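# Architecture and fold: a report
Each chain, written out:
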Amino acid sequence: MAAASNFKSARARSRFRQKLLAWYGVNGRALPWRETRDPYRIWVSEIMLQQTRVAAVLDHYRRFLKQFPSVQALAQAQESAVLAAWSGLGYYRRARMLHAAAKKVAHEYAGQIPDSAEALRNLPGIGRYTANAIASIAFAEPVAVVDGNVERVLARMSEVPIAQSELWTTAQNLLDPARPGDFNQAMMELGATICLPGVPECHRCPVKSACCSRGQKLVARTPGAQRLRKSASLKLVMRNGKILLRQRPTSAQLMPGMWELPEYARGIRRQPQLRLKHSITSTDWSINVYTCRASVSSGETWVPLSQLARLPLTGLTRKILRRTNLLA
DNA sequence: GATCCGTGGTG
DNA sequence: TCACCAAGGAT
């Protein structure tokens with residue numbers, strides 16, 4: 001018995017769908033990817049939203065689509081341009097895979113984005129969640145999604161624990177097959193805005209009458225991994241409208257091929273021009289930035305300031321260049 | 001199946 | 001301040 005036992009009747013599921021969708025129609029946030037059914041635009045949004053908050057995606061989404069308005073445009077782009085547009089969003093492998101998938105669509109699918117969840121799975125970067133999200137939103141295929149939001153909502157609503165292996169079946173049984181895209185987004189919207197990870201705001205919940213826990217159920221969470229603290233000194237060297245940067249090795253595990261400020265050889269102890277904190281994966285960095293005279297080491301390159309926006313900079317590098325007004 | 005991949009907001 | 005973590009996927 002896969003379905004949560006509080007949704008055993010078709011009538012109960014129907015009421016739930018009606019309430020959830022009515023709430024979503026009124027309270028759903030106006031987001032740019034909700035104003036289109038263009039599968040390309042839906043696809044880009046789903047990749048950007050992987051493990052990334054809506055607020056962090058909005059700016060990048062608009063700029064990315066302006067620069068790469070179609071799957072053909074993306075397929076023809078240089079990878080460095082794609083990474084530059086992704087700079088600051090993190091998880092850069094998403095951008096490389098999106099780019100590779102666009103090329104695959106252009107060359108092996110005659111430029112047509114596959115229109116079923118099953119076929120979408122053949123594209124790099126598209127797993128079970130993303131395939132179902134695109135298929136349901138862009139093509140109205142009745143396939144449910146399970147993301148962190150949906151998992152939490154289902155766990156709280158169910159009167160019995162839901163095994164990991166039954167999550168997808170549970171979501172599928174609950175799905176409104178007539179409006180799969182809206183239903184999936186409504187479930188995620190509920191989790192993102194009301195059924196919050198910490199303390200849920202049940203008084204605002206449109207489906208609290210169908211909920212077994214009313215927010216009392218604690219959602220188990222894994223103990224966080226130990227974070228490392230490190231510090232680094234970077235140098236900011238400019239001459240003749242150019243800045244000294246280095247490119248990370250293409251063989252690097254972390255952010256391969258992306259550009260950053262060179263390290264500042266330790267020694268002279270003086271006040272840095274800029275201090276900042278930056279967390280990256282599992283390390284919390286304390287960064288000191290020193291302006292200094294030109295002294296080029298191997299592997300460092302002069303880059304015209306006018307080209308910075310076109311380079312795949314690491315997020316930290318973008319942050320520093322913006323704080324120092326060298327980048328818009 | 002555990003681990004890795006980035007970043008910025010949040011309480 | 002600091003731990004947590006957000007519309008996952010690949011390996």
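### Quick notes on the packing of aromatic side chains
The full count for this structure, using the stated rule, is seven aromatic pairs. Among the aromatic residues, ring-to-ring pairing joins F7, F16 and F183 into one connected group.

### Focus: the protein's contact with DNA strand B
Surveying the vicinity of DNA strand B reveals 20 residues, the closest of which are Y91, Y92, M255, I280 and G315. Within 4 Å of the protein, the contacting atoms of DNA strand B are 53% sugar and phosphate, with bases supplying the remainder. A distance of 3.0 Å separates a phosphate oxygen of DNA strand B from a polar backbone atom of M255. Broken down by secondary-structure element, the contributors of at least two residues to the surface near DNA strand B are α6 (92-108), β5 (274-280) and α12 (315-323). For the surface near DNA strand B, a count of residues per class yields seven nonpolar, 10 polar and three charged.

### Quick notes on the nonpolar core
One recurring pattern in soluble globular proteins: nonpolar side chains tend to sit buried together. Counting residues in hydrophobic clusters, the biggest one holds 43 residues, and the most contacted among them are Y40, W43, F64 and W86. Elements that contribute at least two residues to this core include exactly α2 (39-48), α3 (54-67), α4 (71-76), α5 (79-86), α6, α7 (117-120) and α8 (128-139). Both domains that furnish three or more residues to this core are identified here as domain 1 (5-210) and domain 2 (228-323). Aside from chain neighbours lying at most four places away, what touches Y40 is F64, L65, F68, P69, S70, V71, L74 and I113. Grouped together as the second largest cluster of nonpolar side chains are 32 residues, F16, L167, C205 and V207 included.

### Brief notes about unusual backbone geometry
For N240, which is not glycine, the phi torsion reads 55 degrees and is therefore positive. Assignment of secondary structure puts N240 in the loop between β2 (238-239) and β3 (242-247). Using a relative accessible area of 71% as the deciding quantity, one classes N240 as exposed. Even without a glycine there, the phi angle at M255 is positive, about 50 degrees. Position of M255 relative to the elements: it lies in the loop between β3 and β4 (259-260). Assessed through its relative accessible area of 12%, M255 is described here as buried.

Quick notes on the rules
- Residues numbered from 1 in each chain as written.
- Chains lettered and ligands numbered in written order.
- Predicted model: local features only at pLDDT ≥ 70, side-chain atom pairs only at ≥ 80, totals over all residues.
- Heavy atoms only, no water.
- Phe/Tyr/Trp six-rings, centres within 6.5 Å; stacked < 30°, edge-to-face > 60°.
- Near = heavy atom within 4 Å.
- Polar contact = N/O pair within 3.5 Å; in protein donor to acceptor, adjacent residues only side chain to side chain.
- Helix = DSSP H or I, 4+ residues; strand = E, 2+ residues; numbered from the N terminus.
- Nonpolar A, V, L, I, M, F, W, Y, C, P; charged D, E, K, R; others polar.
- Core = buried A, V, L, I, M, F, W, Y, C linked by side-chain atoms within 4.5 Å.
- Buried < 20%, exposed > 50% of the residue type's maximum accessible area, 1.4 Å probe, protein only.
- Domains from an automatic or database assignment.
- Contact = heavy atoms within 4.5 Å.

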